[in-house]
Amino acid sequence: MIQEALPGAAELQAGTGATVYDTAALKQLDTAHHLHPFTDHALLRQRGGARVMVRGDGIYLWDSDGRKIIDGMSGLWCVNVGYGRTGIADAVYAQMQALPFYNSFFNTTNVPAVLLAEQLAQLAPPKFGHVFFTSSGSEANDTVVRMVRRYWDLMEQPQRQVIISRRNAYHGSTMAAASLGGMAGMHAQGGLPIPGIVHIGQPSYAEAGQGMSEAEFGIKAAGWLEEQILELGAGQVAAFIGEPVQGAGGVIIPPPTYWPEIQRICDKYGILLVSDEVICGFGRLGRWFGCELMGFQPDLIAFAKGVTSGYVPLGGVLVSARVAEVLVERGGDFNHGFTYSGHPVACAAALENIRILREEKLVEKVAAETGPHLKAAFAGLALHPLVGQAETCALVAALDLVRVKRGSVHANERFAAKDAVGMICRGHMFDNGVIMRAVGDRMIVAPPLVITRQQIDEMAERIWACLDLTLNDLK
Ligand code: PLP
């Protein structure tokens, strides 16, 4: 796309037909006017401004300097079907021409929203027949808070207000979603969490599993929920929320015993169980929803990201019969909603995205082919002297960078936080054509679901080379 009127905009290079960008001008304008999420702007300016992404195809991105990069993070855990899907662009264009917007308040609906609601009810685990649409994962989790509390009001147990979450969870950035999240850095800004939300420990075996088998630790970590319920009084507790695998917290993969035990405890006390599937949904874990892999049946499912592969913003909450029957039969008005709930263009994008996931059997491919291949590739990377351990779950994976490798997750010696080794490593990755995320010294990937085995090998080779560069810097 050429936008000649804008400074720094693309021009066609004479002769070659290639698109050329004035990167310096774009960076300068960005630095002058654009406040980015979760960014230290003074530091960004010092480093010369943000990298400008201009194009994507499959698992690859190109920046404005023409560098080709493997997007190991699917944008922000969302581009499940990969970049460059003209089918989604066509669906969006057609819907924009037919009906670019109408709301779903006031007894109205639109065709894509109807069709998508029906599709989602089909795809979701049994007992899920309804959906409430939002535009993001944060709004989905805000909706969870309001829906859960409304449910207990209608059940004539209005004292059930407290929602239990976990430290180091990420559920979004709005006031309620950031409160549900357990990120200390977020709570430190803006007086969070809001009342009625408490946090228990995360099921991180590396952090708290010393002296136990993983299976034993899973039961122990789930037991923290029961302890918290008993401390609060079961009659005060409305719900428990968790990501099947914690994403932004650093790919924390719980032991297989964890979620079934959480389910048992929620059932025992009649507490609603909420699965935040904003990352894990739509195939990331080799199932349509992560709860199916982890072996639990939630009452509510929050989703976003992979539902449209990020092409257009869309999120929502899937509502099981237990909650829907109460909201629908006894609820009257639910005084909650967004202008863009059920946005026709976003729903059209989701319908085409889901059609692609189904037609190309991408979810099945993750389970049978690419997930196991990523596991093998990361087992190879675990042999690198800088890597203490590698962990994978279907198409998410993490490497722990350690100062002294002793072979056991509890015995490895870590770097000091001030050394920022993860950030050094991330920089090498960026400069050498692969995007990994650093959570402290834990290096993460969650590539598009279309990645092939050969591309996984290509990504792993680049990662190994960048680990070498990082190790070299530390000498
Ligand atoms: N929940 C989880 C598990 C997430 O990972 C995220 C975003 O990364 C959110 C919720 C928030 O979604 P959004 O950024 O679309 O508001």
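The model shown is predicted, which means the values in this text are computed figures rather than measured ones.

Colleague: Where do I start with the nonpolar core in this structure?
Modeller: In summary, soluble globular proteins display a tendency toward joint burial of nonpolar side chains. Counting 132 residues, the largest nonpolar core has Val-144, Ile-163, Phe-240, Leu-300, Val-317, Leu-318 and Ala-349 as the members making the most contacts within it. With 9 residues, helix 14 (residues 344-359) is the largest single contributor of residues to this core.

Colleague: I'm lost on the environment of Ala-302 in this one. Help?
Modeller: Residue position: Ala-302 is located in strand 11 (residues 300-303). Distance from Ala-302 to Pro-193, taken between C-alpha atoms, is 20 Å for residues 109 residues apart in sequence. In this structure Ala-302 touches Gly-137, Ala-140, Asn-141, Val-144, Val-274, Asp-276, Glu-277, Val-278 and Val-317, once residues within four positions along its chain are discounted.

Colleague: Would you take a moment to explain the environment of Leu-29 for this structure?
Modeller: Positionally, Leu-29 belongs in helix 1 (residues 23-33). Here Leu-29 falls in the partly exposed class, since 15 other C-beta atoms lie within 10 Å of it. Along the primary structure Leu-29 and Gly-49 are separated by 20 residues, whereas in three dimensions their C-alpha atoms are 9.4 Å apart.

Colleague: Would you mind showing me how to read the sheet that holds strand 16 (residues 442-445) here?
Modeller: Taken together, the 4 strands give an open sheet; going across it, the order is 13-14-16-15, and neighbouring strands pair in antiparallel fashion. In the strand order of this sheet, the two ends are held by strand 13 (387-393) and strand 15 (437-439), each with one partner. Direction aside, neighbouring strands of the sheet carry axes that sit 20° apart on average. Along the sheet face, helix 15 (residues 362-381) touches strand 13 and strand 14 (396-401) and points at about 175° away from the line of strand 13.

Colleague: Explanation requested: helix 17 (residues 453-474) in the structure shown.
Modeller: The α-helix winds at 3.6 residues per turn, so residues separated by three or four positions along the chain end up facing the same way. Between its terminal C-alpha atoms helix 17 stretches 32 Å, which fits the 32 Å expected from 22 residues at 1.5 Å a residue. Looking only at helix 17, the buried set comprises Ile-456, Met-459, Ala-460, Ile-463, Cys-466, Leu-467 and Thr-470. Angular distribution of buried residues about the axis of helix 17 spans 130°; they occupy a single face of the element. Opposite its buried face, helix 17 presents the exposed residues Gln-454 and Asn-472, each directed more than 90 degrees away.

Colleague: Got a minute to help me understand helix 14 in this structure?
Modeller: Across its 16 residues, helix 14 extends 22 Å between first and last C-alpha, which sits within 8% of the 22 Å expected from 1.5 Å per residue. For helix 14, the buried fraction is high: 12 of the 16 residues fall into the buried class. Every buried residue belonging to helix 14 is among Pro-344, Val-345, Ala-346, Cys-347, Ala-348, Ala-349, Ala-350, Leu-351, Glu-352, Asn-353, Ile-354 and Leu-357, and all of these are buried. Buried positions along helix 14 lie against helix 4 (86-98), helix 5 (111-123) and helix 15. Once helix 14 ends, the next one or two residues include Lys-361, with phi positive near 50°.

Colleague: Looking at this structure, I do not really get the packing of helix 16 (residues 421-431) against helix 17. What am I missing?
Modeller: A packed helix pair is summarised by two numbers, namely the angle formed by the two axes and the spacing between the axes. Between helix 16 and helix 17, whose axes approach to 9 Å, the crossing angle comes to 130°. What the angle tells us is that helix 16 and helix 17 run oblique. When the axes of helix 16 and helix 17 are compared, the crossing they make is right-handed. Along the contact surface, helix 16 presents Val-421, Ile-424, Cys-425, His-428 and Met-429, while helix 17 presents Cys-466, Leu-467, Leu-469, Thr-470, Asp-473 and Leu-474. Tallied by class, the residues present in the contact of helix 16 with helix 17 amount to 8 nonpolar, 2 polar and 1 charged.

Colleague: Before we go on, may I ask you to explain the sheet that holds strand 11 in this structure?
Modeller: Pairing between the strands of a sheet is mediated by backbone hydrogen bonds and can be parallel or antiparallel. The mixed open sheet is built from 7 strands, whose spatial order is 6-12-11-10-9-7-8. Every other strand in the sheet has two partners, leaving strand 6 (128-134) and strand 8 (197-200) as the edge strands with one partner each. The average angle at which neighbouring strand axes cross in this sheet is 25°, direction not considered. As paired strands, strand 11 and strand 12 (residues 315-320) are joined by 4 bridges and run antiparallel to one another. When the sheet's bridge partners are listed, Ile-301 is paired in strand 12 with Leu-318. Lying on the sheet, helix 10 (residues 214-232) is in contact with strand 7 (162-166), strand 8 and strand 9 (237-242); it crosses strand 8 at an angle near 140°.

Colleague: I keep staring at the site of the ligand and nothing clicks. Help me out?
Modeller: In the vicinity of the ligand lie 15 residues, with Ser-136, Gly-137, Ser-138, Gly-172 and Val-278 positioned nearest. The dominant element in the shell around the ligand, judged by the number of residues it contributes, is helix 6 (residues 137-154), at 3 residues. Of the residues belonging to the shell around the ligand, the class tally is 5 nonpolar, 8 polar and 2 charged.

Colleague: Which parts of the structure should I look at to understand the pairing of strand 12?
Modeller: Burial within strand 12 is extensive, with 6 of its 6 residues counted as buried. Judged by which residues are buried, strand 12 turns out to be covered on both faces: Gly-315, Val-317 and Val-319 on one side and Gly-316, Leu-318 and Ser-320 on the other are all buried. Bridge analysis of strand 6 against strand 12 gives 6 bridges, and the strand direction is antiparallel. Paired with Phe-132 across the strands is Val-317, a residue of strand 12.

Colleague: It is not clear to me how unusual backbone geometry should be interpreted in this structure. Could you clarify?
Modeller: A cis geometry characterises the amide bond from Leu-192 onward to Pro-193, with omega recorded as 0°. On the secondary structure map, Pro-193 appears in the loop between helix 8 (184-187) and strand 8. You will see that Lys-305, though not glycine, has its phi angle at about 35°, which is positive. With respect to the helices, strands and loops of the structure, Lys-305 is situated in the loop between strand 11 and strand 12. Take Lys-305: there are 27 C-beta atoms within 10 Å of it, and that puts it in the buried class. A positive phi angle, near 55°, is found at Ser-309, a position not held by glycine. For Ser-309, a count of 29 C-beta atoms within 10 Å gives the class buried.

Rules and cut-offs
Residues numbered from 1 in each chain as written. Predicted model: local features only at pLDDT ≥ 70, side-chain atom pairs only at ≥ 80, totals over all residues. Core = buried A, V, L, I, M, F, W, Y, C linked by C-beta atoms within 7 Å. Buried ≥ 20, exposed ≤ 12 C-beta atoms within 10 Å, placed from the backbone. Helix = DSSP H or I, 4+ residues; strand = E, 2+ residues; numbered from the N terminus. Contact = placed C-beta atoms within 7 Å. Pairing = 2+ DSSP bridges. Axes fitted to C-alpha atoms, helices over the stretch in contact; angles between N-to-C directions. Expected span 1.5 Å × (residues − 1). Arc of directions from axis to C-beta. Parallel < 35°, antiparallel > 145°, perpendicular 65-115°, else oblique. Left-handed = near helix turned anticlockwise from the far one by under 90°. Nonpolar A, V, L, I, M, F, W, Y, C, P; charged D, E, K, R; others polar. Near = placed C-beta within 6 Å.

Function cannot be read off these values alone, since they describe shape.
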